[in-house]
Structures are given as structure tokens and as C-alpha cells.
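Fold and geometry: a report
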Amino acid sequence: MGRFYITTPIYYANDAPHVGTAYTTVNADAMARWHRLIGDETKFLTGTDEHGQKVADAAAKHDMSPKEWTDQKSAQFRRAWDVLNISYDDFIRTTEPRHYESVQKFLTAIYDNGHIYKDVYKGLYCVSCEDYYTTESSVEGRCPIHASVLVEMEEENWFFRLSAFEERLTSFYNDHPNFVTPPTKRNEAFSFIQGGLRDISITRTSISWGVPVPWDANHVFYVWYDALINYLTAIGYGRDADEVATWWPWSHHLVGKEIIRFHCVWWPAMCMAAGLEPPAHVQVHGWLLLGGQKLSKTMAASGSVRLTDIAPIDLTNEFGVDPLRYYLLRETALGNDGDFSHEGITQRYNTDLANNLGNLVARVTTLVVSKCGGVAPRPRDNSPLRPGAELALRTAADAWNDFSPQSALEATWGLIGATNAYLELHAPWKMEQGDELNAVLGDALEAIRLVALLATPAMPEVCEAIWQRIGLSATPGEQLFAVSATWGQYPGGSIIVKGEPLFPRMKTAE
Ligand code: ME8
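In short, a report on the structure. These numbers were taken from a predicted model, which means no experiment stands behind them.

**With respect to helix H2 (residues 53-61)**
Of all the residues in H2, the buried ones are Gln53, Lys54, Val55, Ala56, Ala58 and Ala59. Where H2 is buried, its residues meet strand E2 (11-12), strand E3 (41-49), helix H3 (66-83), strand E5 (116-126) and strand E7 (151-160). Phi turns positive, to about 55 degrees, at Asp63, one or two residues after H2.

**Brief notes about the packing of aromatic side chains**
Counted under the stated rule, the structure contains 33 aromatic pairs. Taken together, a centroid distance of 5.7 Å and an interplanar angle of 35 degrees make the contact between Phe106 and Trp267 tilted. Here Phe106, found in helix H4 (residues 97-112), pairs with Trp267, found in helix H10 (residues 260-273); they are 161 residues apart in sequence, far enough to count as distant. Both residues of the pair, Phe106 and Trp267, belong to the buried class. Ring-pair connections join several aromatic residues into one group, and the members of that group are Phe160, Phe165, Tyr222, Trp224, Tyr225, Phe262 and Trp266. Cation over ring: Arg186 sits above Phe190, and NZ or CZ is 4.6 Å from the ring centre. A cation over an aromatic ring shows up here: Arg204 above the ring of Tyr222, its NZ or CZ 4.1 Å from the ring centre.

**Let's talk about the environment of Asn230**
Within the secondary structure, Asn230 sits in helix H8 (residues 230-233). Here Asn230 falls in the buried class, since its relative accessible area comes to 0%. Beyond its immediate sequence surroundings of up to four residues, Asn230 is in contact with Ile10, Leu45, Ile92 and His99. From its side chain, Asn230 meets the backbone oxygen of Ala227 in a polar contact 2.7 Å long.

**Notes on the pairing of E5**
Note: E5 against E7, 10 bridges, orientation antiparallel. Directly across from Tyr121, in E7, lies its bridge partner Glu155.

**Structural notes on the site of the ligand**
Close to the ligand lie 24 residues; Ile10, Thr24, Asp49, Glu258 and Leu288 are nearest. One of the backbone nitrogen or oxygen atoms of Ile10 is found 2.8 Å away from a nitrogen atom of the ligand. Separating an oxygen atom of the ligand from a backbone N or O atom of Gly256 is a distance of 3.0 Å. Relative to its unbound accessible area of 680 Å², the ligand is 89% covered by the protein chains. Breaking the shell around the ligand down by element, the ones donating at least two residues are E2, helix H1 (19-37), helix H7 (223-228) and H8. Ranked by residues supplied to the shell around the ligand, first place goes to H1 with 4 residues.

**A short note on the side chain of Asp226**
Counting through the fold element by element, Asp226 comes out in helix H7. For the buried Asp226, which has no salt bridge, the nearest side chain bearing the opposite charge is Arg204, at an N-O separation of 11 Å. Among the polar contacts listed, one links the side chain of Asp226 to the side chain of His51, at a separation of 2.8 Å. A distance of 2.7 Å separates a polar atom in the side chain of Asp226 from a polar atom in the side chain of His99. Apart from the residues within four sequence positions on either side, Asp226 is in contact with His51, Thr94, His99, Val103 and Val211.

**A word on the pattern of salt bridges**
One pass over the full model with this rule turns up 23 salt bridges. The residue Glu101 makes a salt bridge to Lys105 at a minimum N-O spacing of 3.1 Å. Residue Glu101 and its partner Lys105 are located together in helix H4, separated by 4 residues, close to a single helical turn. When the shortest N-O distance is used, the salt bridge between Asp352 and Arg348 registers 2.8 Å. Residue Asp352 and its partner Arg348 are both found in helix H14 (residues 342-371); the two are separated by 4 residues, about one turn of the helix. Summarising the burial analysis for this pair, Asp352 and Arg348 share the class buried. Here the salt bridges share partners, and the residues they tie into one network are Glu50, Lys67, Asp71 and Arg93.

**Observations concerning unusual backbone geometry**
Thr181 connects to Pro182 through a cis peptide bond whose omega is -5 degrees. Within the secondary structure, Pro182 is located in the loop between strand E8 (180-181) and helix H6 (183-194). We note that Glu140 has phi near 45 degrees; this positive angle belongs to a residue other than glycine. One can find Glu140 in the loop between strand E6 (131-133) and E7. Even without a glycine there, the phi angle at Ala147 is positive, about 60 degrees. Among the structural elements, Ala147 can be located in the loop between E6 and E7.

**Things to note about the environment of Tyr237**
Tracing the backbone shows Tyr237 in the loop between H8 and helix H9 (241-247). With a relative accessible area of 12%, Tyr237 lands in the buried category. For Tyr237 and Trp248, which are 11 residues apart along the polypeptide, the C-alpha to C-alpha distance reads 9.9 Å.

**A few points about the packing of H1 against helix H13 (residues 321-330)**
It is the contact of H1 with H13, at a shortest axis distance of 9 Å, that shows an interaxial angle of 90 degrees. By the angle between their directions, the pair H1 and H13 is classed as roughly perpendicular. Here Val19, Ala22, Tyr23, Val26, Asn27, Asp29, Ala30 and Arg33 of H1 lie close against H13, whose contacting residues are Arg325, Leu328 and Leu329. Of the residues assigned to the contact of H1 with H13, the class counts are 7 nonpolar, 1 polar and 3 charged.

Conventions and cut-offs
Residues numbered from 1 in each chain as written. Predicted model: local features only at pLDDT ≥ 70, side-chain atom pairs only at ≥ 80, totals over all residues. Heavy atoms only, no water. Buried < 20%, exposed > 50% of the residue type's maximum accessible area, 1.4 Å probe, protein only. Helix = DSSP H or I, 4+ residues; strand = E, 2+ residues; numbered from the N terminus. Contact = heavy atoms within 4.5 Å. Phe/Tyr/Trp six-rings, centres within 6.5 Å; stacked < 30°, edge-to-face > 60°. Lys NZ or Arg CZ within 6 Å of the ring centre and 35° of its normal. Polar contact = N/O pair within 3.5 Å; in protein donor to acceptor, adjacent residues only side chain to side chain. Pairing = 2+ DSSP bridges. Near = heavy atom within 4 Å. Areas by Shrake-Rupley, 256 points an atom, 1.4 Å probe, with all protein chains shown as cover. Lys, Arg positive; Asp, Glu negative; His and termini not counted. Salt bridge = Lys/Arg side-chain N within 4 Å of Asp/Glu carboxyl O. Axes fitted to C-alpha atoms, helices over the stretch in contact; angles between N-to-C directions. Parallel < 35°, antiparallel > 145°, perpendicular 65-115°, else oblique. Nonpolar A, V, L, I, M, F, W, Y, C, P; charged D, E, K, R; others polar.

Next up, the structure:
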């Protein structure tokens, strides 16, 4: 047992939560839940990024002050994450006093260490990225990510001497081969460093919506510079050195692939410059892309066509919270791009949830009611299902530990498939009452108990409901995995009542 500090990017408070931001947040939540299950002391941080020109522009467009606007927007994020059953321990807003204090102390440390100087900056700026581009890195004067026209900017700014950290970053990457995962994304980050680093401007005079620079009243910090520090604010940087020492060595940042440079190059260099170790690990994920598939009726009715227009809440209304969480975790390996579609969710729902999991639970509980008088039998120590279940437990646990929810769920569904096949083989529905029938059903009940334990980080409510269905009064998410994940603990003897289907089948989209 150890510690685990997991963070999501803090989302810009200029927009509403959407499927993309839900994807990251659900993945981080499943990781946090897994680590709590294995007994790690866990801290899960998410929040909103509330400074910068993009947010100031959005507020102005809505005739609001930036503060009013971000109050409203951050509340919207909290609501969405509450609906998705996100178990965050802290929700940070970069407009909070605690953040101002940490940012000012952190950047003053870098300044005092001689890594910040003043110069004039001239360049092409993308407001959506809140980042500068060079003529070479732009695409005919447009942003390579947003395709928007870049704006020529010239400012006197404070600069961070990033170029001075090339060698230290190179050694750091060589000494910490798993600093960034998956390896393809690590190589991408490393090639940024090998390509040569330029100093970066870290303050602005053109806007006032930001954290004031303590040593120069005319400047505010550039939004990315203040934003990255949120990961330290939340563990007390500048206020509680013990808390920083408790959590920082166990830090894991989960981020989308478009912000690799900030998290895997700038951020470790900033930490080094401030006299701190870089974070322990950055896990990069790919993008969900909206394929050319038909949209659901809800989506069509709201006129949505872009992924960033799809509200997670519309999807939970249609599919339920846990099925959406399952789809987001199961469909795409973390690190790859994935396709998001209404058909995809419907298919996962009908196949994996209704046919495989739902059907298994329904079959077994119905048989216990009809053939065993509702009294659950016990599993056998030497059950033929046991070796497969033990393998699934090991494989899924390794995958969860390895930030691979897709593989963890694949292994879990492997056990569901094996249990359904075991039932087909023995056909308990044709058996008379007696030891053989009890043995088959007891084994299947134990497999169901273990499946729900393994799937609880992904589907906490459904898994709790499954344990109730099989007569267990405890909650799978509150167990200690090492204690609960051994074959044969299903006690038997409980009274089982047949319930409503866990996953009523969905109609496929016409
Ligand atoms: O970048 N697929 O905030 P942001 C998967 N404030 N993930 C997606 C996605 C998609 N189509 N679209 C967005 C910022 N995301 C900064 C971060 S951190 C110190 C500051 C997710 O609101 C993904 O995690 O633009 C991506 O990195 C994040 O949303 C960007 O959110």
C-alpha cells in the first residue's frame, strides 16, 4: 500500500463540460477508485482554469465580469462531474486565494534562482491555445490545432530560461524512462527536448485577468504558467511543506495529447527551476473523435455535430451513468485516439452490459430463486472456474495498476464470458435440485462477486447493485482488494430475490 495523487487537466472555464473532458475525468476517477480499492492513500484533484484571454473574452461576450462568468462555469463543471459520480477529493479554481499564493511563491522561487529575465516578445498568438507560434510552426499563418488566424503580438515580457534546462531534462528523461507513458508519447515529448528549447514568455501586460507578478505590478502571469502550478497549490505548496512532501513523489498527471509540451517539457523544467523534483508521472491519452456516424435523437434535436457540443448529461439521460463510464473506459486504449459514436455506446451497452453481464446476473439469480428456494449456495474450492477467475484477477489488477482500464475491463469480461460458457456447458436450468446444481450456481455466484469487485472502479453503482442482488450487504468499492479478491469468499446462505433487469436492452439507432 502506498500513496496515489492523480490529477486531471484543469478545464478552461470558457466552455461547458463535454464528452472529451468527461473522458479524461472518468479515466482519472476510475484510477482513483482503483487505488482506493488497493488501499492506497489517494488524492484526486480536478478543477477549472479561469484566467487568460480566452476566458476574459468569453465573459465579455456574455456581458459578465470574468469572476461572474467563471463562478457560473466552474459550478457547471462540478455539476457534470457530480452526475458522472466523479469522486474528486478537491476541486481547484485558479481564482482562489490559495492558488494566487502558491503561484506567486513558486514563480518568485524561480525568479530568485535567476531563471527569469525581461525581454521583448514578438510572435504569432493563438487565443484558443493561449500559446505563441513561430512562422514555421504555424500553418500558413493559422493555428495548427484550431485553424484560426494567428494574431501578431508584441509585448515586453518576463521570460523563463527554458533553454537552460535542455541537458537536465535530457538526463531526467534518460533516468526516468517511465516519466511519460505510453512510450509513443514519451518519445514525442523527448523529441521536443532534443529539437532544442527556446525561452518562453511567462507574463502579459496586454490583459489584466491573471495572477499579478509579485515583482512587477504591470504584469500578470501568462495563463499556462499559473495553471500548471494548480497541481502544487492543491497539496499546499508555499503553505505546508509536509503536505507537498507527502503527495508530490506520488503525483500522476492525466492529460490529453495536445498538452504534452506543457506537461512533459515546461512543467518538469519549471519544477527544477523552483528547486523541486518534477512530478512522478504523466499519463497521456489520445482524443475521442466524432466519426461520421448518425447522432442520437437527443444530439440531433440539440443540433450537435461537434464532440465538444455533446453534453455528458444528455448521454447519461439516455444510457445511464455507469454505462457511459464503461463505454469511455472500455472502447479505447488510453493513449490511442478513439471514435466516439452513439452506435458505439449502444453496441457496448447491448453486448457487454445487457447480454453478457446483465444476462449472467439475471440467469444465476433467477435459477437460485426457482431451484434453490432463493437460498444462495456456496462456491467450491476446486471449481473449474477458479483458475480462470484467478487469472482474470491478476490480469485486471496489473492492467489497472498500469493505467490500462481497457485491458482491465477486457480481462473482467473474459471472466464473465467464461462463467456464461460454464453455465451453457452444465445447463443448470435442466438439473434437478442437489449438490451438482448447488455447486454450479455457487461457483457462478462467486464469479459474479469477483467480476463486480474488478469492475467497481468503472461502474461503482452497478457493481454495488450486483453485490446486493447476490445477497452481499457490503459495497465492493469499499473493500480492500488484497483481502476480498481471493476465490471462495462468497459465503452462500443469503436470500436472493429476483430483481428488475440491470440493463434493459436499448433499441439500436434507426
Ligand atoms: O487545455 N478527446 O483545458 P481544456 C479526449 N486549461 N479528451 C479531450 C478532448 C477530446 N476530443 N477534448 C478535450 C486546457 N479533452 C488547459 C489545461 S492543465 C494545467 C491546463 C480533454 O478545457 C483532454 O484531457 O482545453 C484535454 O487535455 C483537456 O480536455 C483540455 O481541456
